[in-house]
Number of protein chains: 2
Amino acid sequence: MGAEEQVLAANAKFYHAFAARDADAMAAVWAQRAPVACIHPGWHALRGRDAVLASWRAILGGPGSPPITCIDAAAHVLGDVAFVICIERIPAVELVATNCFVREDDEWKMVHHHASGMARAPAEPEPDEPDSGSGLLH
Amino acid sequence: MGAEEQVLAANAKFYHAFAARDADAMAAVWAQRAPVACIHPGWHALRGRDAVLASWRAILGGPGSPPITCIDAAAHVLGDVAFVICIERIPAVELVATNCFVREDDEWKMVHHHASGMARAPAEPEPDEPDSGSGLLH
């Protein structure tokens, strides 16, 4: 299995743990030694394994944890680090996510997750009007 | 200058180019060879240098390009790749951003930018209620 497939498999493990509400599997997804961070939708950044895993335990154990699927995942491998961009499909809403991974003990482990809402459904890039949907922000 | 300072300097260059509406400086910030991507707030992912730089030319040349400053930048260096998490302050709103960099020809170049809104102002993590503000999403 090439690096890109390995990274996409690690990304899939993250969403499996999420969908299954499996806090132990979620903990196993995240890097042990590399510093980690996480930006949940609409939330400020959490830094450090303890804070990040505590947030996941709360989310996975809470009543609001949604069914989630990941689609359109694409991996960008840069040596022993990679990032994946994908769409998170939750009933009635789609989010876009950046997931960063590092190779740790020959396994790809998550070091950062950033998910956020999209103002409109994903579509082909439109270079003539790329700021549509971004409103006044940028 | 250590790698962390170098990465933060590259991150600062990005925000200087943004604030100055300098499309050439913005183009120089981004990697030439590594595949790049960009997620503007509320927008789907743009992939590839042409699409990403076209989006920045449109944003920087448009009337809606806001004054922007970057605060609270923290770099996570993972060998020749790094990511920065920071707050983007725009009048009346704060965004949170993930900026990924790769060392290319001995210079740190941006390979990915993901910015999104925050439902509330940044604060200390609250592990007991980390999903506050994330609503129904996660």
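Residues numbered from 1 in each chain as written. Chains lettered and ligands numbered in written order. Predicted model: local features only at pLDDT ≥ 70, side-chain atom pairs only at ≥ 80, totals over all residues. Heavy atoms only, no water.

Moving on, we come to the overall build of chain A. Broken down by element type, chain A carries 3 helices and 6 strands. Beginning at the N terminus, the succession of helices and strands in chain A can be written as α-α-β-β-α-β-β-β-β. A burial count over chain A gives 52% of its 138 residues as buried. For chain A, the proportion of contacts with a sequence separation of at least 24, taken over those separated by at least 6, is 47%. Accessible surface, chain A as shown: approximately 5700 Å² in total, 52% of it carbon and sulfur. (Helix = DSSP H or I, 4+ residues; strand = E, 2+ residues; numbered from the N terminus. Buried < 20%, exposed > 50% of the residue type's maximum accessible area, 1.4 Å probe, protein only. Contact = heavy atoms within 4.5 Å. Areas by Shrake-Rupley, 256 points an atom, 1.4 Å probe, with all protein chains shown as cover.)

Residues and elements named next belong to chain A. Using the criterion set out here, one finds 6 salt bridges over all chains in the structure. Of the charged contacts in the structure, one is a salt bridge between R89 and E94, with a shortest N-O distance of 2.7 Å. Given the relative accessible area of 40%, R89 is considered partly exposed. (Salt bridge = Lys/Arg side-chain N within 4 Å of Asp/Glu carboxyl O.)

Here the focus is the packing of aromatic side chains. Remark: the centre distance and the inter-plane angle together describe each pair of aromatic rings, the angle taken between the planes. One pass over the structure, following the stated rule, counts 8 aromatic pairs over all chains. Geometrically, the ring pair formed by B:F14 and B:W56 is edge-to-face, given 5.4 Å between the ring centres and 90° between the ring planes. Of this pair, B:F14 sits in helix α1 (residues 3–19) while B:W56 sits in helix α3 (residues 49–61); the two residues are 42 residues apart in sequence, bridging distant segments of the chain. Residue classification places B:W56 among the buried positions, given a relative accessible area of 1%. Linked through ring pairs, A:F14, A:Y15, A:F18 and A:W56 together constitute an aromatic cluster. (Phe/Tyr/Trp six-rings, centres within 6.5 Å; stacked < 30°, edge-to-face > 60°.)

Residues and elements named next belong to chain B. Taking 1.5 Å of rise per residue, 17 residues should cover 24 Å, and α1 covers 24 Å from first to last C-alpha, within 8% of that figure. Turning to α1, its buried residues number three or more, namely V7, A10, N11, F14, Y15, A17 and F18. For α1, the arc enclosing every buried residue in end-on projection is 160°, short of the 170-degree limit, so these residues lie on one face. With respect to the buried face of α1, the exposed residues turned more than 90 degrees away are K13 and H16. Looking at the buried side of α1, the elements it contacts are α2 (23–29), α3, β3 (69–78), β4 (81–90), β5 (93–104) and β6 (107–117). Looking one or two residues past α1, R21 carries a phi angle of roughly 55°, positive in sign. (Expected span 1.5 Å × (residues − 1). Arc of directions from axis to C-beta.)

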